[in-house]
Amino acid sequence: MTGPGTGIGAGSEPIRVLVVEDDPVAADAHALYVSRVPGFAVAGVAHSRAEAGRALEQLDVDLILLDLYLPDGHGLALVRALRAAGHTADVFAVTSARDLAVVREGISLGVVQHVLKPFTFPTLRERLQRYARFRETLTCAGAEAGSQAEVDRALAALRAPGRVTLPKGLSPATLEAVTSALRSAAGEGLTASAAARRVGVNRITARRYLEYLVGAGQAERTPRYGQVGRPELYYRWCG
């Protein structure tokens, strides 16, 4: 377990988040994302179901960012155990699976958001911000809702996330594929040509997506100089 930094907004206690993810690179990225959202703090990072259980015994946690496929059991099994023990922390389920049966089971256990991997910082930031508004709405309403409208407003803040607007000509599916390729690249990163081969698009298209990620602060661009000609640009994921 580690606790890599915080993202704390002014005027109130931060929402404390436990990141549960078995892939160390993804865990670091998700923790970094959380730390960059004002009003949220990383309470800790766990890489297995058992480690998450121990962390929840020791830490004050408001929200769990939970990978569903852990080396020692399914994430929803952890949620079931937590609920049986009376733990009320909310859960964002993080998964690459599209199985709607898992989504339904998660909802029945109190999972408040499902976030599909791989995701970018703006995607998680928006969902965290909406979750914060949901909590604020409940706090302002007090112990009881004064009307159906108050209930509807609280649920709308949580359940109706807006869409991250991409520049014209960019698609979410291709952005997801390029993001995944870049995140999985080791060492110096990828050129636009290498990314294009991995994703199955042309070099110009790959470069547009890579430049978008650079502009969003999620990738960095580094020129590599050879013996002759122009330098070759390498892109590296930085979250």
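Above: the structure in question.
Residues numbered from 1 in each chain as written. Predicted model: local features only at pLDDT ≥ 70, side-chain atom pairs only at ≥ 80, totals over all residues. Heavy atoms only, no water.

## Concerning the overall build of the protein chain
- Of the regular secondary structure elements, the protein chain holds nine helices and 10 strands.
- Within the protein chain, the fraction of its 239 residues that count as buried is 43%.
- When contacts within the protein chain are restricted to residue pairs at least 6 apart in sequence, long-range pairs at least 24 apart make up 66% of them.
- Roughly 12,400 Å² of accessible area belongs to the protein chain as shown, and the carbon and sulfur atoms make up 51% of that amount. (Helix = DSSP H or I, 4+ residues; strand = E, 2+ residues; numbered from the N terminus. Buried < 20%, exposed > 50% of the residue type's maximum accessible area, 1.4 Å probe, protein only. Contact = heavy atoms within 4.5 Å. Areas by Shrake-Rupley, 256 points an atom, 1.4 Å probe, with all protein chains shown as cover.)

## Brief notes about the environment of Asp-72
- Turning to its location among the elements, Asp-72 is positioned in the loop between strand S5 (69–70) and strand S6 (73–74).
- Separated by 23 residues in sequence, Asp-72 and Arg-49 place their C-alpha atoms 6.1 Å apart.
- A distance of 2.8 Å separates a polar atom in the side chain of Asp-72 from the backbone nitrogen of Arg-49. (Polar contact = N/O pair within 3.5 Å; in protein donor to acceptor, adjacent residues only side chain to side chain.)

## Description of the packing of aromatic side chains
- Taken as a whole and assessed by the stated rule, the structure comprises four aromatic pairs.
- Centre to centre, the rings of Tyr-131 and Phe-134 are 6.4 Å apart; their planes meet at 35°, and the pair counts as tilted. Taken together, the residues Tyr-131 and Phe-134, both in helix H5 (residues 121–141) and three residues apart, mark about one turn of the helix.
- Taken together, the aromatic side chains of Tyr-33, Phe-119 and Phe-121 make up a single cluster linked through ring pairs.
- The ring of Phe-121 carries Arg-36 above its face, with NZ or CZ at 4.1 Å from the centroid.
- Lying across the ring of Tyr-234, Arg-224 places its NZ or CZ 5.6 Å from the centre. (Phe/Tyr/Trp six-rings, centres within 6.5 Å; stacked < 30°, edge-to-face > 60°. Lys NZ or Arg CZ within 6 Å of the ring centre and 35° of its normal.)

## Here we look at helix H9 (residues 203–215)
- Along its 13 residues, H9 runs 18 Å from first to last C-alpha, staying within 8% of the 18 Å computed at 1.5 Å per residue.
- Taken together, the buried positions of H9 are Ala-206, Tyr-209, Leu-210, Tyr-212, Leu-213 and Val-214.
- Sitting at the amino-terminal end of H9 is Asn-202, which places a side-chain oxygen 3.2 Å from the backbone nitrogen of Ile-204. (Expected span 1.5 Å × (residues − 1).)

## Notes on the pattern of salt bridges
- Per the stated rule, a full pass over the model turns up nine salt bridges.
- With a shortest N-O distance of 3.8 Å, Glu-126 and Arg-130 are connected by a salt bridge. Highlighted residues: Glu-126 and Arg-130, both in helix H5, separated by four residues, approximately one helical turn.
- The partner of Arg-236 in a salt bridge is Glu-220, and the shortest N-O contact between them spans 2.1 Å. Of this pair, Arg-236 sits in strand S10 (residues 232–237) while Glu-220 sits in strand S9 (residues 219–224), and the two are 16 residues apart along the sequence.
- By relative accessible area, Arg-236 is classed as partly exposed at 37%. (Salt bridge = Lys/Arg side-chain N within 4 Å of Asp/Glu carboxyl O.)

## A closer look at the nonpolar core
- Of all hydrophobic cores here, the largest spans 45 residues; its most connected members are Phe-40 and Phe-92.
- For this core, the leading source of residues is H9, giving six residues.
- Leu-18, Leu-78, Leu-82 and Leu-109 belong to the second-largest nonpolar core, a separate cluster that totals 21 residues. (Core = buried A, V, L, I, M, F, W, Y, C linked by side-chain atoms within 4.5 Å.)

## Brief notes about helix H8 (residues 192–199)
- Listed as buried for H8 are Ala-192, Ala-194, Ala-195 and Ala-196.
- Where H8 is buried, its residues contact H9 and S10.
- A positive backbone phi angle near 90° is found at Gly-200, which sits one or two residues after H8.

## With respect to the side chain of Asp-62
- With respect to the secondary-structure elements, Asp-62 resides in the loop between helix H2 (49–58) and strand S4 (63–67).
- Engagement of the side chain of Asp-62 in a polar contact is seen with the backbone nitrogen of Arg-16, the distance being 2.8 Å.

Any link to function would need more than the numbers given here.
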